[in-house]
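Here are the chains, one letter per residue:
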Amino acid sequence: MDLYEAMRGAPTSRRFRPEPVPRETLLRALDAARFAPSGGNRQGWRVIVVEDAGTRRALRDLYLPHWRAYIGQAGEARAPADRDASPDQRRLRMMRRANEYAEHLDEVPLHLVVGVRLADLAVTDAALPRQSIVGGASVYPFVQNLLLALRAEGLGAAMTTLLVPAEAEVKQLLGIPDDVALAAHIGVGRRADPWPARLARNPVAEFAFSETYGVPLTEPEEPASS
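Before going into details, it helps to say that this report is about the structure given with it. (Residues numbered from 1 in each chain as written. Predicted model: local features only at pLDDT ≥ 70, side-chain atom pairs only at ≥ 80, totals over all residues. Heavy atoms only, no water.)

**A look at helix α2 (residues 23–33)**
Structural remark: α-helix, 3.6 residues per turn; residues separated by three or four positions point the same way. Stated precisely, the cut-off is as follows: The classification of residues rests on relative accessible area computed with a 1.4 Å probe and restricted to protein chains. Under 20% of the type maximum is buried, over 50% is exposed, and intermediate values are partly exposed. Numbering of helices and strands runs from the N terminus; a helix is a DSSP stretch of H or I covering at least four residues, while a strand is a stretch of E covering at least two. Arc, as used here, means the arc of the directions from the helix axis to the C-beta atoms. Contacts between residues were defined by any pair of non-hydrogen atoms, one from each residue, lying within 4.5 Å.
Taken together, the buried positions of α2 are T25, L26, A29, L30 and A33. The buried residues of α2 all sit within an arc of 130 degrees when viewed along its axis, so they share a single face. For α2, the secondary structure elements touched by its buried residues are β1 (45–50), β2 (110–117) and α5 (140–152).

**A word on the pairing of strand β3 (residues 156–160)**
To keep it simple, the criterion reads: Any two strands are treated as partners once DSSP identifies two or more bridges connecting them.
Judged by how many residues are buried, β3 sits mostly within the fold: four of five residues are covered. Here β3 pairs with strand β4 (residues 180–189) via five bridges, running antiparallel. Considered in β4, the bridge of A158 is made with G187.

**Considering the pattern of salt bridges**
Counted only if it meets this: Counted as salt bridges are all cases of a side-chain nitrogen of Lys or Arg within 4 Å of a carboxyl oxygen of Asp or Glu.
Tallied over the entire structure, the rule returns eleven salt bridges. Across the salt bridge formed by E19 and R17, the nearest N and O atoms sit 2.9 Å from each other. Among the residues examined, R17 registers a relative accessible area of 39% and is labelled partly exposed. R130 serves as the salt-bridge partner of D125, at 3.0 Å between the closest nitrogen and oxygen. Taking relative accessible area as the criterion, R130 reaches 43% and is therefore assigned partly exposed. Residues joined by salt bridges that share partners form a network here, namely R60, D61 and D106.

Set out below in structure tokens:
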């Protein structure tokens, strides 16, 4: 698959067919994802591959309380069926799909629990008077590489961070050592729904600026003809 095609066509997948993911397919995706950048090339990411039905149920049970707290803040996930729905209605439909995913998380055939060794993080913003975000730069490029590699293999995936608040319980369940922090959970499988033709995203001019913040970056002007 062309890289740009994968980047433009890798949606969050929340409905999966029941068949298992072939081990060789997963290994190819992980082999490609490992070339992600990280601070000092420390490559601190760690991945626990979960296929056992009992462990998947346990992860679901740890996931659901945090999902229900989140959806309670967002409002009840009732969604209309029509395709001409308003943006708010489309968001409700998305929330309904996400709720189905959470309630049936154990049915997703493959779970990837992604951690990162704390000693391998380069947290250059730790002293700033705001929430630190820089440490994620040493693990989330790997996660994105993995999502793109899975898409190139024809697999759907859903990445969330809602297991992170249950880090202590997840560590005990999966035998994760104290020096590894939980970073993400990825549900993987054969997508049950058709792949979308394109994803809905904001145009470049809404988030990229020229020289100073707020001045949209636009196409260069055509030179005046002589």
